[in-house]
Amino acid sequence: MAGKFRALDKEEAANLRSLWLGNWLIFGVLAAGASILAPGKPALSVIVGGMIALINFRLLQRSVCRAMLRKQASGVSAAVGRILLKYYLKLGVTAVALGFLIHYQLIEFFGLLVGLSAVVIAMTLWGVHRAYKLGKEPV
């Protein structure tokens, strides 16, 4: 049964937008830093790792939003199953791509790890910022 979608409320949309912008900001800082400090293959490795992380984050975000915003008779377990199936398929494709890049030494491993960390760093900083803001709100 095709489900109808509900829309994100303003706060949810603002949270996703700020997290997405934070991801790009951290990626930009890491890529610029790598380009200045270690130009060439190391910088390219950071950029490739960051792009892989950003693409995977966006695809996962889209899958989760679509599944959770869909109003269906099949319930939450079907939505979670779809999310997990898509996640594992994307994880497999990513693993093959990373294996190819590393095996043929097209990129440097450490630079790749730095780039892949962009989303983790952004999410951590975003979470700390949100926790700080919540702590300042009056009870």
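Up top is the structure these notes are about.
The sections below set out a description of the structure shown in this document. Quick caveat: nothing in here was measured; it's all calculated off a predicted structure. (Residues numbered from 1 in each chain as written. Predicted model: local features only at pLDDT ≥ 70, side-chain atom pairs only at ≥ 80, totals over all residues. Heavy atoms only, no water.)

To continue, consider the overall build of the chain. A tally of regular secondary structure across the chain gives 4 helices and 2 strands. Written out in order from the N terminus, the α and β elements of the chain read β-α-α-β-α-α. Counting all 139 residues of the chain, 24% fall into the buried class. Residue pairs at least 24 apart in sequence account for 76% of intrachain contacts in the chain once pairs closer than 6 positions are excluded. Counting only carbon and sulfur atoms, one obtains 72% of the accessible surface of the chain, whose full area is about 9400 Å². (Helix = DSSP H or I, 4+ residues; strand = E, 2+ residues; numbered from the N terminus. Buried < 20%, exposed > 50% of the residue type's maximum accessible area, 1.4 Å probe, protein only. Contact = heavy atoms within 4.5 Å. Areas by Shrake-Rupley, 256 points an atom, 1.4 Å probe, with all protein chains shown as cover.)

The next point concerns the side chain of Ser63. Inspection of the secondary structure assignment puts Ser63 in helix α2 (residues 41-69). We classify Ser63 as buried; its relative accessible area is 7%.

Let us now look at the packing of α2 against helix α4 (residues 109-136). The interhelical angle for the contact between α2 and α4, taken along N-to-C directions, is 40 degrees, at an axis separation of 6 Å. Comparing their axes, α4 and α2 come out oblique. In this structure, α2 crosses over α4, and the sense of that crossing is right-handed. Only Gly111, Leu112, Val114, Gly115, Leu116, Val119 and Met123 of α4 make contact with α2, whose side of the interface consists of Pro42, Ser45, Val46, Gly49, Gly50, Ile52, Ala53, Leu54 and Phe57. (Axes fitted to C-alpha atoms, helices over the stretch in contact; angles between N-to-C directions. Parallel < 35°, antiparallel > 145°, perpendicular 65-115°, else oblique. Left-handed = near helix turned anticlockwise from the far one by under 90°.)

In the Ramachandran plot, Gln105 falls in the positive-phi region, its phi being about 50 degrees despite a non-glycine side chain. The residue Gln105 is located in the loop between α3 (75-103) and α4 in this model.

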